[in-house]
Amino acid sequence: MTLPGYVLVCPKAHVEHVVRDLDEGAYLALMGVVRRVALAVEAVVPSERTYVLSLGSRQGNSHLHWHVAALPPGVPYERQQYHALMAENGVLEWSPEEGELLAARLRRALG
C-alpha cells in the first residue's frame, strides 16, 4: 500500500471492460459503490484529494477494479498523482494491527 486508506473495489462477477461489459444500470450501481467507498475513505483518512482510477488491460489485471486512494494534505505536487500510487516510489510499513484498525474504521464509515 502506498497511501493510507488505499482500497480496491471490484465486482464479484468477472467483468473486464469498464464501459462495454456493463449495461447502464449495472455501471451506475457499481459507480455508486465506488463513491460510497471513496466517501468512507475520506471520512477516516485525512485527504486533500481522493483518487479513483480504473486500471488494467487484457495482458494483466484484466478483472475490472477501481483504485480508491486518499492523497494526504501537504504532499508536494511532484509526488502526487501516479507517483503517489506507484509502489516503486515507496510503500507504507503497517503492522497487521494498524491495518485491522483502519479496516474497522472503514467498515464503520460504510455503515
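Residues numbered from 1 in each chain as written. Predicted model: local features only at pLDDT ≥ 70, side-chain atom pairs only at ≥ 80, totals over all residues. Heavy atoms only, no water.

Chemist: For the sheet that holds strand β3 (residues 66–71), give the residues involved together with the corresponding values.
Modeler: In space, the 3 strands of this open sheet follow the order β1-β3-β2, with antiparallel pairing throughout. The open sheet terminates on both sides in strands that have one partner only, identified here as β1 (7–9) and β2 (49–54). Averaged over all adjacent pairs, the angle separating strand axes in this sheet is 25°, with direction ignored. In this sheet, β3 lies alongside β1 in antiparallel orientation, the contact comprising 3 bridges. Of the residues in β3, the one forming a bridge with valine 9 is tryptophan 66. Along the sheet face, helix α1 (residues 24–44) touches β1, β2 and β3 and points at about 25° away from the line of β3. (Pairing = 2+ DSSP bridges. Helix = DSSP H or I, 4+ residues; strand = E, 2+ residues; numbered from the N terminus. Axes fitted to C-alpha atoms, helices over the stretch in contact; angles between N-to-C directions. Contact = heavy atoms within 4.5 Å.)

Chemist: Can you lay out the pairing of β3 for me, pointing to particular residues and giving the numbers?
Modeler: Sheet faces and side chains relate simply in a regular strand, where the side chains alternate between the two faces. Of all 6 residues making up β3, 6 are buried, and the element is well covered by its neighbours. Neither face of β3 is left uncovered, since the one carrying Trp66, Val68 and Ala70 and the one carrying His67, Ala69 and Leu71 both have all their residues buried. (Buried < 20%, exposed > 50% of the residue type's maximum accessible area, 1.4 Å probe, protein only.)

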